[in-house]
Amino acid sequence: MAATLFAKFVPKHGNGHHIYGWLPLTQTVRHGSKAVTRHRKPLHILKQKLLAVTKYIPPPQPFPRGAYPSESDHNQEDNGLMLLQKKDLKKIFEDYKMIAVVQNNCGNAEDMVILKHRLHKHGISVKFFPNKVTRPFLINSIYCNMAPLFIGPTVLLVSKEPKVKEMLTSLRASPQMTLLGACIDDTLLSVQGIVSYSKLPAMTVVQGELVSGLTMLTSHTASLLQRHPAHLSSLLQQYIKQQNPNNGTEASPTAEQAT
Amino acid sequence: MISLIKSAAGGLTGVCRVYGHQQVLSQCCLKTLPAGLKTFQVPPDYSDVFLPSKPKLKFLNKVPNLKKAKKEMKKLRDIQGPAKASNTFINGQYAIVALGGGYLRWGHLEMIRLTINRKMDSKTTFARWRINAPYKPITRKGLGQRMGGGKGAIDHYVTPVRCGRLIIEMGGMVELGEVEHILSEVAKKLPFPAKVMSKESHAEMLKMQAEKEQNNQNPWTFKRIAQGNMMGIRKVLSPFDLHNHGRYSGKFHFPERV
């Protein structure tokens, strides 16, 4: 393997050929493997150390890479379909009074068809929109607080009249649909809010009650005056007796005098 | 009502999607409603893709057409280091990129040609060679011969391939997923490690490498120490390490080194 060149004899004097010393020329020429080999050549320990010292050190990261969505994902252009769907959503929020968000875990189309039929009888229609479209639309509008509802498979139940009671009964019939929240007359309601809203009496009933409450006194006096005067006088006498039990003897003759 | 729908369900096979206000649902056909609504991506536009007249890979000769074949020295430096030629995309979108050095023989080239020509759709895709036909003569001595007696006779021809060189380029009105399985089958059988890349992923790889060099937190780099001959390290380094910066050694490539 190693071929060594032998020592070179150096003459000190030109004529005498006296050998005063020799220079050891031990140049061991190694004939190892070539530079390009099929196997990985064993590295010199110093080269190993160099490679270990000069390894790549990545910059420190505050959180792992997949933990938060990157900023570049937000700025994607809307394609035509998404723009169309956003327009539809805008129209829905303008036209319809009641917009309920329901989580749709329906397994088959049959259940959905039955539900749609039930709701159609009350004038409620079912709308489907992808969350990717609704969430940015809502966040940029006044309904931004509704945006957290749109996670998972959601469906919109929209209607012009807020028929909450009928909607609740139809939803109770299909157990897979879970009511998440609703926006009725530009007010956001939670599930409990919707239930209490449904328990409220109708508008006409409330108005009638209010009117009757306000005019209660006048209507009562009117009904009293319509009775016979003798009845009225006897009522008054009884009232005075009740008011002044101590002065009962005094009051009664004055009352008799009055009649 | 429900029985009607159930009978309709049994009878009907076709299903379609419905949007917007509906007519009375008593006579409707069943619509499938998927679990989540799919958002559709715009399909890729292939209007600028040009399909050549001969889309398949051409036949490469085993032996070059020479009057007098000269025996050549081993010159293993044609395997060593990164590729300077043929390492960018020209007219295709997807390619097999060599991640190591090696020699390609006629058998390899035939395997590539036959596999790709058989599996690709010539109406929508085309393939191009990015390597030459074998031109470097390799000599062999006969079996059982002793050392000496001159150089052996030419046995076969090879094409040297350096790391980073493109072997095959494919293009056409297809996406990477449609072409990947064909190219990866070929890439597995090559004598050096190879990878299927698209134009974008190739550019991404180069960009990542450059970024790594930029944001390396280690103040000590191979390049700095080798160029400055710190600690007399050039005693154990090769002259090629000066410009390869420790990323190449022989025919091997170390992608994680920076």
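Residues numbered from 1 in each chain as written. Chains lettered and ligands numbered in written order. Predicted model: local features only at pLDDT ≥ 70, side-chain atom pairs only at ≥ 80, totals over all residues. Heavy atoms only, no water.

Asks: Describe a positive patch on the surface, and please don't skip the residues or the numbers.
Replies: A cluster of basic residues, A:Lys34, A:Arg38, B:Lys62, B:Lys71, B:Lys74, B:Arg105, B:Arg140 and B:Lys151, forms a positive patch at the surface. Turning to its location among the elements, A:Arg38 is positioned in the loop between β2 (19–23) and α1 (45–53). Given the relative accessible area of 76%, A:Arg38 is considered exposed. (Patch = residues over 30% accessible without salt bridge, like charges linked within 9 Å, V, L, I, M, F, W, Y side chains within 5 Å. Areas by Shrake-Rupley, 256 points an atom, 1.4 Å probe, with all protein chains shown as cover. Salt bridge = Lys/Arg side-chain N within 4 Å of Asp/Glu carboxyl O. Lys, Arg positive; Asp, Glu negative; His and termini not counted. Charge placed at Lys NZ, Arg CZ, Asp CG, Glu CD. Helix = DSSP H or I, 4+ residues; strand = E, 2+ residues; numbered from the N terminus. Buried < 20%, exposed > 50% of the residue type's maximum accessible area, 1.4 Å probe, protein only.)

Asks: So, the side chain of A:Lys86: which residues are in play, and what are the values?
Replies: Checked against the element boundaries, A:Lys86 lands in helix α2 (residues 80–95). Dropping the residues within four chain positions of it, A:Lys86 is found in contact with A:Asp78, A:Val133, A:Pro136 and A:Phe137. (Contact = heavy atoms within 4.5 Å.)

Asks: Tell me about the nonpolar core, and name the residues and values.
Replies: Ranked by size, the top nonpolar core spans 27 residues in total, and within it B:Ile112, B:Ile116, B:Ile167, B:Ile168 and B:Leu183 carry the most contacts. Elements supplying a minimum of two residues to this core: β1 (94–98), α2 (106–119), β3 (125–129), β6 (166–172) and α3 (176–188) of chain B. Considering every element that reaches this core, the biggest residue donor is α3(B), with 5 residues. Grouped together as the second largest cluster of nonpolar side chains are 21 residues, A:Ala100, A:Leu119, A:Leu179 and A:Ile184 included. (Core = buried A, V, L, I, M, F, W, Y, C linked by side-chain atoms within 4.5 Å.)

Asks: I'd like a description of the sheet that holds β6(B), backed by residues and values.
Replies: Residue and element names in this part refer to chain B. Judged by pairing direction, the sheet is antiparallel, and its 4 strands sit side by side in the order β3-β6-β1-β7 without closing on themselves. Two strands in the sheet have a free side with no partner beyond their single neighbour: β3 and β7 (194–198). The average undirected angle you get between the axes of adjacent strands in this sheet is 20 degrees. (Pairing = 2+ DSSP bridges. Axes fitted to C-alpha atoms, helices over the stretch in contact; angles between N-to-C directions.)

Asks: So, the packing of aromatic side chains: which residues are in play, and what are the values?
Replies: Residue and element names in this part refer to chain A. Counting across every chain of the model gives 4 aromatic pairs over all chains. Each ring, one from Phe93 and one from Tyr143, has its centre 4.5 Å from the other, and the planes form 35 degrees; the classification is tilted. Remark: Tyr143 occurs in the loop between α4 (131–139) and β5 (154–159) and Phe93 occurs in helix α2; sequence separation between them is 50 residues. For Phe93, a relative accessible area of 9% gives the class buried. Classification of Tyr143 as buried rests on a relative accessible area of 13%. (Phe/Tyr/Trp six-rings, centres within 6.5 Å; stacked < 30°, edge-to-face > 60°.)

Asks: Explain unusual backbone geometry to me, and be specific about the residues and the numbers.
Replies: With a phi close to 55 degrees, A:Asp185 is a non-glycine residue in the positive phi region. Residue B:Met231 is not a glycine yet carries a positive backbone phi of 60 degrees. Among the structural elements, B:Met231 can be located in the loop between α5 (222–227) and α6 (240–244). We classify B:Met231 as exposed; its relative accessible area is 82%.

Asks: I'd love a proper account of the pattern of salt bridges, names of residues and values included.
Replies: Residues and elements named next belong to chain B. Counted by the stated rule, this structure contains 5 salt bridges over all chains. Between Asp78 and Lys136 there is a salt bridge, with the nearest N and O atoms lying 2.8 Å from each other. One end of the pair, Asp78, is in the loop between α1 (2–11) and β1; the other, Lys136, is in strand β4 (residues 136–140), and 58 residues separate them in sequence. Lys136 gets classed as buried once you look at its relative accessible area, which sits at 1%. Two residues, Glu185 and Lys119, come together in a salt bridge whose shortest N-O distance is 2.6 Å. Taken together, the residues Glu185 in helix α3 and Lys119 in helix α2 connect sequence positions 66 residues apart. On the basis of relative accessible area, Lys119 is assigned to the partly exposed category, the value being 36%.

Asks: Which residues make up helix α5 (residues 164–173) of chain A, and what values go with them?
Replies: Residue and element names in this part refer to chain A. Among the residues of α5, Val164, Met167, Leu168, Ser170 and Leu171 are the ones counted as buried. Down the axis of α5, the buried side of the element spans an arc of 165 degrees, and every buried residue falls inside it. Structural note: α5 exposes Lys165 and Arg172 on the side pointing more than 90 degrees away from its buried face. (Arc of directions from axis to C-beta.)

Asks: Got a sec to walk through helix α3 (residues 109–121) of chain A? Specific residues and values, please.
Replies: Each turn of an α-helix holds 3.6 residues, which means side chains three or four residues apart point in the same direction. All names here are of chain A. The terminal C-alpha atoms of α3 lie 19 Å apart, and with 13 residues this matches the ideal 18 Å at 1.5 Å per residue to within 8%. Along α3, the positions that sit buried rather than exposed are Ala109, Glu110, Met112, Val113, Ile114, Leu115, Lys116 and Leu119. A positive backbone phi angle near 80 degrees is found at Gly123, which sits one or two residues after α3. (Expected span 1.5 Å × (residues − 1).)

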